[in-house]
Amino acid sequence: MPRHNFARLLMGSLFASSVGFVPTAAQAITTTGQAVTAQINKIRVAKGLKRLKSVPRLSAAARKHSLDQARAGALNHDGFAQRIDGAHIAGLRTAGENVAYVSGCGPASAKMIVKAWMNSPPHRKNILSPSFRMIGAGAALRGQCATTFATAEFAG
């Protein structure tokens, strides 16, 4: 076994033993999207705001956009209006979107992503907007748990 592969195997084993498991790509994607929503709702409740309702169509749009960003290796808001229109939200009056990426994957990544958003005034505004009633969050990986791209779609 080449030396660099052994080092990766050893690092992976140390990571697995320190956190108890190494998430599969599907687990990392699913848990990160759910964890982003949970983190945002935790912050909203602490600020006296209503929890956002998770909407599967918004989550699907967020996952797809995250995947597109992961494939490109870059953040963007391209196609935002089409994503929101495609979710067919009845009575839609307002919408917003947050995007981010961090190293690693899984629920810990969600905390880092939401923390970064809260430290950015425009992203924080979306998270704390009383106009938003719904959320869809999704994530995608670039590489083997190397980078997580995440998107949160907000609607009100």
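The structure presented is a predicted model; accordingly, all values stated were derived computationally and were not measured. Here, residues in each chain are numbered from 1, in the same order as that chain's written sequence. Residue-level local features of this predicted model are given only where pLDDT is at least 70; pairs of side-chain atoms are given and counted only at 80 or more, and the full residue set underlies all totals for whole chains, interfaces and linings. Excluding hydrogens and water, the side-chain values take into account all heavy atoms of the structure.

Concerning the overall build of the protein chain
Quick note on the threshold: The secondary structure listing takes helices from DSSP runs of H or I that are at least 4 residues long and strands from runs of E that are at least 2 residues long, numbered from the N terminus. Under the scheme applied here, a residue whose accessible area is under 20% of the maximum for its type counts as buried, over 50% as exposed, and between as partly exposed, the area being computed with a 1.4 Å probe on protein chains only. Residues count as neighbours in contact if any of their non-hydrogen atoms are within 4.5 Å of one another. Surface accessibility in these figures is a Shrake-Rupley result with a 1.4 Å probe; residues are shielded only by whichever protein chains are displayed.
Helices and strands together make up the secondary structure of the protein chain, namely six helices and four strands. Considering the protein chain as a whole, with its 156 residues, one finds that 42% of them fall into the buried category. Within the protein chain, residue pairs in contact and separated by at least 24 positions form 70% of the contacts whose partners lie at least 6 positions apart. Working note: accessible area of the protein chain is about 8,800 Å², and carbon and sulfur atoms make up 60% of it.

Section: the pattern of salt bridges
How we decide: Whenever Lys or Arg places a side-chain nitrogen within 4 Å of a carboxyl oxygen from Asp or Glu, that contact is recorded as a salt bridge.
All told, the structure shown has three salt bridges when counted by the stated rule. Of the charged contacts, one joins Asp68 and Lys64 as a salt bridge, the two residues approaching to 3.2 Å between their closest N and O atoms. Residue Asp68 and its partner Lys64 are both found in helix 3 (residues 56-72); the two are separated by four residues, about one turn of the helix. The partly exposed category is assigned to Asp68, whose relative accessible area is 32%. Looking at Lys64, the relative accessible area reads 52%, which means it is exposed.

Re the packing of aromatic side chains
Convention followed: Two aromatic rings from Phe, Tyr or Trp, using only the six-membered ring of Trp, form a pair when their centres are within 6.5 Å; if the ring planes differ by under 30 degrees the pair is stacked, by over 60 it is edge-to-face, and anything between is tilted.
This structure, assessed with the given rule, holds two aromatic pairs. Here the aromatic rings of Tyr101 and Phe149 are separated by 5.2 Å at their centres, their planes lie at 25 degrees, and the arrangement is stacked. With Tyr101 in strand 2 (residues 95-103) and Phe149 in strand 4 (residues 147-155), this pair connects stretches of sequence that are 48 residues apart. Accessibility expressed as a relative area gives 2% for Phe149, which makes it buried. A ring pair is formed by Phe132 and Phe154, whose centres lie 5.4 Å apart and whose planes are at 25 degrees; its orientation type is stacked. Here Phe132 is found in the loop between helix 6 (121-128) and strand 3 (134-142), whereas its partner Phe154 is found in strand 4, with 22 residues between them in sequence. Both residues of the pair, Phe132 and Phe154, count as buried.

Considerations on helix 3
Applied cut-off: To estimate how far a helix should reach, multiply one less than its number of residues by 1.5 Å.
Over its 17 residues, helix 3 runs 24 Å from end to end, which matches the ideal 24 Å to within 8%, given 1.5 Å per residue. Next to the buried residues of helix 3 lie strand 1 (53-54), helix 4 (80-86), strand 2, strand 3 and strand 4. One or two residues past the end of helix 3 sits Gly73, with phi positive at roughly 70 degrees.

Let's talk about the sheet that holds strand 4
Just so we agree on the cut-off: Strand pairing follows a simple DSSP-based rule, namely that at least 2 bridges must link the two strands.
Spatial ordering of the open sheet is given by 1-3-4-2, a layout of four strands whose pairing is mixed. The open sheet has two edge strands with one neighbour each: strand 1 and strand 2. Bridge count for strand 2 against strand 4 is nine bridges, and the pairing is antiparallel. Directly across from Asn98, in strand 4, lies its bridge partner Ala152.

As for the environment of Val114
Turning to its location among the elements, Val114 is positioned in helix 5 (residues 107-118). Setting aside chain neighbours within four positions, we find Val114 in contact with Val36, Gln39, Ile40, Ile43 and Ile127.

Topic: the environment of Ser120
Formally: Whenever a nitrogen or oxygen atom comes within 3.5 Å of another N or O atom, the pair is scored as a polar contact, on the condition that within protein one atom can donate a hydrogen and the other can accept it, and that pairs from neighbouring residues in sequence are kept only if both atoms are in side chains.
In this fold, Ser120 is placed in the loop between helix 5 and helix 6. A residue is classified by how much of its surface remains accessible, and Ser120, at 18% relative accessible area, is buried. Within the local environment of Ser120, its side chain forms a polar contact with the side chain of His123, the two groups lying 2.6 Å apart.

These results come straight from atomic positions and should not be treated as a statement about function.
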